[in-house]
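Listed below, chain by chain, are the residues.
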Amino acid sequence: MAKNSLRVKKIKEIYYGFLSERPKNFNTATDKTQHQIVYIVKLRFFMKEKLELILKEASEEINNSNNLTELEDVKVKYLSRKGELNSIKKNLKDLSDEEKRTIGSLANNISNQLNEMISAKNQELYRIELNKKLINEKIDITLPSDYRPQGKIHPLTQTINEIVEIFQGLGFSVMPSEYSPEVETEYINFDMLNFPPNHPAKDMQDTFYTKTAPNVILRSQTSGAQIRQMLNKKPPLRVISPGRVYRCESVSARKNNLFHQIEGLMVDTDITFADLKGVLNEFVRIYFGSSRPTRFRASYFPFTEPSAEVDVQCIMCQGKGCRTCSGTGWLEVLGAGMVHYNVLKNVGIDPEIYSGFAFGMGVERLTMLKYAINDIRLFFNNDTRFLNQF
Ligand code: PHE
């Protein structure tokens, strides 16, 4: 009893708060003590009762949970920091050591039991919800899918890729694109390439001039790339440069005012016409097949000397003469020649030390010849019936 009397004050507080009973006016100290004893018994009894009630109610609620959210709510209600079990545990501090032990271990026991029940129920509900999901969200893999037509590489791009690959195999590399702008100066497109000013040679290529700046044109050939390359790099050079060119021509089955060329350039010491023939014959052999004969015809370009035009035997009539080859048996595929003395001088390469060859081929023409296409405009109409064939 002595122990209890030491805690009178504390017990009174609990007494008022916990049981909501007003203190009686005790007549004697014995009355008081007796009352306290009753309270502690009540308190212990009540706590135990309360804990058992919690266990009973919580178990029922766990069992009755229909889904994971409901289960989570039960967990919060009983086991969280502000939950019912914890509020009981908080009151333990007001009991004797022994009571703390009994009630405390009962409370822990209950909280363990509840935790176990909740995790078992959790697994059960999770499985049910997963199964429901699997059934509801099942994908029917036998359903036909949306048809998405697959894109293709344009036949001209295919030809460019193929030709670039052939020349790469012969040791050529592709020029950086900054050396081959499509909007070019007359100076690079013509003057540096040894076209004399106002020389009728300029009429060979009907050029688009711009109004915005004098002497700024849409390039009529890729040969300007040679100049930019040679101005920026010294020999040895072995490069090609594919790109678009523009000519002010009336559009027909054979001519379009936008088309593609591939320029080639090789400059080093001791480059001869034999090297030019060797490289171009090898190209034609790979591109058209080994059985196709070629012929070099003397020609004229201001920037090459000597110049040549290269023909392959007509793929339609095998050289017999037909409409495609205008009865000649030959088809012209590219222009070429030894880089002119003046051109080398213009770009500051000593023509006494270095020599070189250049060539230029039309991508459309090479594609038309290979696949027997009879109208250049087909490349630019974007008609998928045509494009799908490549
Ligand atoms: N640039 C010439 C043309 O467009 C082709 C060519 C290139 C000829 C290089 C010789 C050397 O017709």
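Everything that follows concerns the structure shown earlier in this document.
In this report, the structure presented in the accompanying data block is examined. (Residues numbered from 1 in each chain as written. Predicted model: local features only at pLDDT ≥ 70, side-chain atom pairs only at ≥ 80, totals over all residues.)

**Points about the overall build of the protein chain**
Scanning the protein chain from N- to C-terminus turns up 13 helices and ten strands. Taken across its 390 residues, the protein chain has 29% of its residues classed as buried. A separation of at least 24 residues holds for 67% of the contacts in the protein chain among residues at least 6 apart in sequence. (Helix = DSSP H or I, 4+ residues; strand = E, 2+ residues; numbered from the N terminus. Buried ≥ 20, exposed ≤ 12 C-beta atoms within 10 Å, placed from the backbone. Contact = placed C-beta atoms within 7 Å.)

**Concerning the nonpolar core**
Grouped burial of nonpolar side chains is what soluble globular proteins tend to show. With 50 residues, the main nonpolar core has V267, L280, V333, A336, V339, F357 and F359 as its most contacted residues. Leaving out residues up to four positions away in the same chain, V333 has contacts with V310, D311, V312, M361, R365, L366 and L369. (Core = buried A, V, L, I, M, F, W, Y, C linked by C-beta atoms within 7 Å.)

**Thoughts on the sheet that holds strand β3 (residues 208-209)**
Through backbone hydrogen bonds, the strands of a sheet pair up, either in parallel or in antiparallel fashion. Pairing is antiparallel across the open sheet formed by three strands, whose spatial order is β2-β4-β3. Strands with a single pairing partner mark the edges of an open sheet, and in this sheet they are β2 (183-185) and β3. By the bridge criterion, three bridges tie β2 to strand β4 (residues 216-218) in an arrangement that is antiparallel. When the sheet's bridge partners are listed, T185 is paired in β4 with V216. (Pairing = 2+ DSSP bridges.)

**Quick notes on the packing of helix α4 (residues 68-79) against helix α6 (residues 97-136)**
Packing of α4 against α6 brings their axes to within 10 Å, and their N-to-C directions diverge by 170 degrees. On the basis of their axis angle, the class for α4 and α6 is roughly antiparallel. Judged by residue contacts, L68, L71, K75, Y78 and L79 of α4 engage S111, L114, N115, I118, K121, N122, L125, Y126 and E129 from α6. A breakdown of the residues in the contact of α4 with α6 according to their chemical character gives eight nonpolar, three polar and three charged. (Axes fitted to C-alpha atoms, helices over the stretch in contact; angles between N-to-C directions. Parallel < 35°, antiparallel > 145°, perpendicular 65-115°, else oblique. Nonpolar A, V, L, I, M, F, W, Y, C, P; charged D, E, K, R; others polar.)

**Here's the deal with the packing of helix α7 (residues 155-169) against helix α12 (residues 363-371)**
Interhelical geometry of α7 versus α12 gives an angle of 100 degrees and a closest axis separation of 9 Å. Put simply, α7 runs roughly perpendicular to α12. Side by side, α7 and α12 meet where P155, L156, T159 and I160 of the first sit next to V363, E364, L366 and T367 of the second.

**What to know about the pairing of strand β6 (residues 258-268)**
Across the eleven residues of β6, eight count as buried, placing the element largely inside the fold. The sheet contact formed by β6 and strand β10 (residues 355-362) spans eight bridges and is antiparallel. If you follow M266 over to β10, its bridge partner there is F357.

**Thoughts on the site of the ligand**
By nearness alone, every residue bordering the ligand is listed as Q221, S223, F301, T304, G335, A336, G337, A358, F359 and G360. Among the secondary structure elements, those contributing two or more residues to the shell around the ligand are β9 (330-339) and β10. Within the shell around the ligand, the residues separate by chemical class into four nonpolar, six polar and no charged. (Near = placed C-beta within 6 Å.)

**Let's talk about the sheet that holds strand β7 (residues 294-301)**
As summarised here, the arrangement of the seven strands in space is β1-β5-β6-β10-β9-β8-β7, forming an open sheet in which the pairing is mixed. Either end of the sheet is taken by a strand with one partner, and the two such strands are β1 (173-174) and β7. Helix α10 (residues 273-288) contacts β6, β7, β8 (304-313), β9 and β10 of the sheet and is inclined by roughly 150 degrees relative to β9.

**Observations regarding helix α9 (residues 224-232)**
Within α9, seven of the nine residues are buried, which leaves the element mostly enclosed by the surrounding structure. On its buried face, α9 sits against β2, α8 (186-189), β5 (237-246), β6 and β10.

**Focus: α10**
In a regular helix each residue adds 1.5 Å, so 16 residues correspond to 22 Å; α10 covers 22 Å between its end C-alpha atoms and thus fits that length. Looking at the packing, one finds that the buried side of α10 touches α7, β7, β8, β9 and β10. Phi for G289, located one or two positions after α10, is positive at around 105 degrees. (Expected span 1.5 Å × (residues − 1).)

**A closer look at unusual backbone geometry**
Backbone geometry follows two general trends: most residues other than glycine have a negative phi, and most peptide bonds adopt the trans configuration. The omega torsion across P235 and P236 is 5 degrees, close enough to zero to call that bond cis. Positionally, P236 belongs in the loop between α9 and β5. Here E305 and P306 are connected by a cis peptide whose omega angle stands at -5 degrees. Its place among the elements puts P306 in strand β8.

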